[in-house]
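# Secondary and tertiary structure notes
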Amino acid sequence: MKYLVMIQGTQADYEAMSGNGSENAPAWNEKDMQAMFSFMQSINDDLAESGELVDGQGLAEPAKARHVLSGKDGRPVITDGPYGETKEVLAGYWVLECESLDRVTEIASRITQCPAPEGTTEYPVVIRQIMDGGGDVC
């Protein structure tokens, strides 16, 4: 089965990783960033070696996002960041092919151990099974 494993963050988290900390997102330094990158690379290497990694990417900061809605007249309404709300957004993901939900949960548990500066907000790692077709809905 394929699973989408997602990590979350806010614009403040991205800014903190650039050294601009705030109350709920302490500033990261070069050592913090290197520890995080090394940790993530280790996970990616292990998943590639086991054959479970289909894809995985980090995403650009929310300020570089674009939201598209359908307007009342049927024309698109486009909103570019930055956004006033600081709700969590998708910060990165892995598409994994694993034998079971237990196995992907084990991987997600490992992801939660990623090093970060003390006081950094902890977000859940979200697991969603990727459906193979319309018959999977029910």
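Here the structure is shown first, and the text comes after it.
Residues numbered from 1 in each chain as written. Predicted model: local features only at pLDDT ≥ 70, side-chain atom pairs only at ≥ 80, totals over all residues. Heavy atoms only, no water.

## Description of the overall build of the chain
For the chain, the count of helices and strands is three helices and six strands. Its helices and strands in sequence order give the chain the pattern β-α-α-β-β-β-β-α-β, from N to C terminus. Along the first, second and third principal axes, the C-alpha atoms of the chain reach 50 × 40 × 20 Å. Per-residue burial over the chain gives 26% buried out of 138 residues. As displayed, the chain has an accessible area near 9300 Å², and 49% of this comes from carbon and sulfur atoms. Put simply, the chain has 10 plus and 23 minus side-chain charges, and the middle of one group is 9 Å from the middle of the other. (Helix = DSSP H or I, 4+ residues; strand = E, 2+ residues; numbered from the N terminus. Buried < 20%, exposed > 50% of the residue type's maximum accessible area, 1.4 Å probe, protein only. Areas by Shrake-Rupley, 256 points an atom, 1.4 Å probe, with all protein chains shown as cover. Lys, Arg positive; Asp, Glu negative; His and termini not counted. Charge placed at Lys NZ, Arg CZ, Asp CG, Glu CD.)

## A closer look at the sheet that holds strand 2 (residues 53–58)
Sheet architecture is open: four strands sit in the order 2-5-1-6, paired in antiparallel fashion. If you trace the sheet from one side to the other, it starts and ends with strand 2 and strand 6 (126–129), each paired once. Neighbouring strand axes in the sheet, compared pairwise and without regard to direction, differ in orientation by 20° on average. Of the strands in this sheet, strand 1 (2–9), strand 2 and strand 5 (89–97) touch helix 2 (residues 30–50), which is tilted by about 25° from strand 5. (Pairing = 2+ DSSP bridges. Axes fitted to C-alpha atoms, helices over the stretch in contact; angles between N-to-C directions. Contact = heavy atoms within 4.5 Å.)

## Here's the deal with the packing of helix 2 against helix 3 (residues 101–111)
With their axes 11 Å apart at the nearest point, helix 2 and helix 3 run at an angle of 160° to one another. Here helix 3 runs roughly antiparallel to helix 2, going by the angle between their axes. Judged by the twist between their axes, the crossing of helix 2 over helix 3 is right-handed. Here Phe39, Ser42, Ile43, Asp46 and Leu47 of helix 2 lie close against helix 3, whose contacting residues are Arg103, Ile107, Arg110 and Ile111. Along the lines of polarity and charge, the residues of the contact of helix 2 with helix 3 split into five nonpolar, one polar and three charged. (Parallel < 35°, antiparallel > 145°, perpendicular 65-115°, else oblique. Left-handed = near helix turned anticlockwise from the far one by under 90°. Nonpolar A, V, L, I, M, F, W, Y, C, P; charged D, E, K, R; others polar.)

## Overview of the pattern of salt bridges
With the rule as written, the count across this model stands at five salt bridges. The shortest N-O distance in the salt bridge between Lys64 and Glu61 comes to 3.9 Å. A relative accessible area of 62% places Lys64 in the exposed class. A salt bridge links Arg103 to Glu106; its shortest N-O distance comes to 2.6 Å. (Salt bridge = Lys/Arg side-chain N within 4 Å of Asp/Glu carboxyl O.)

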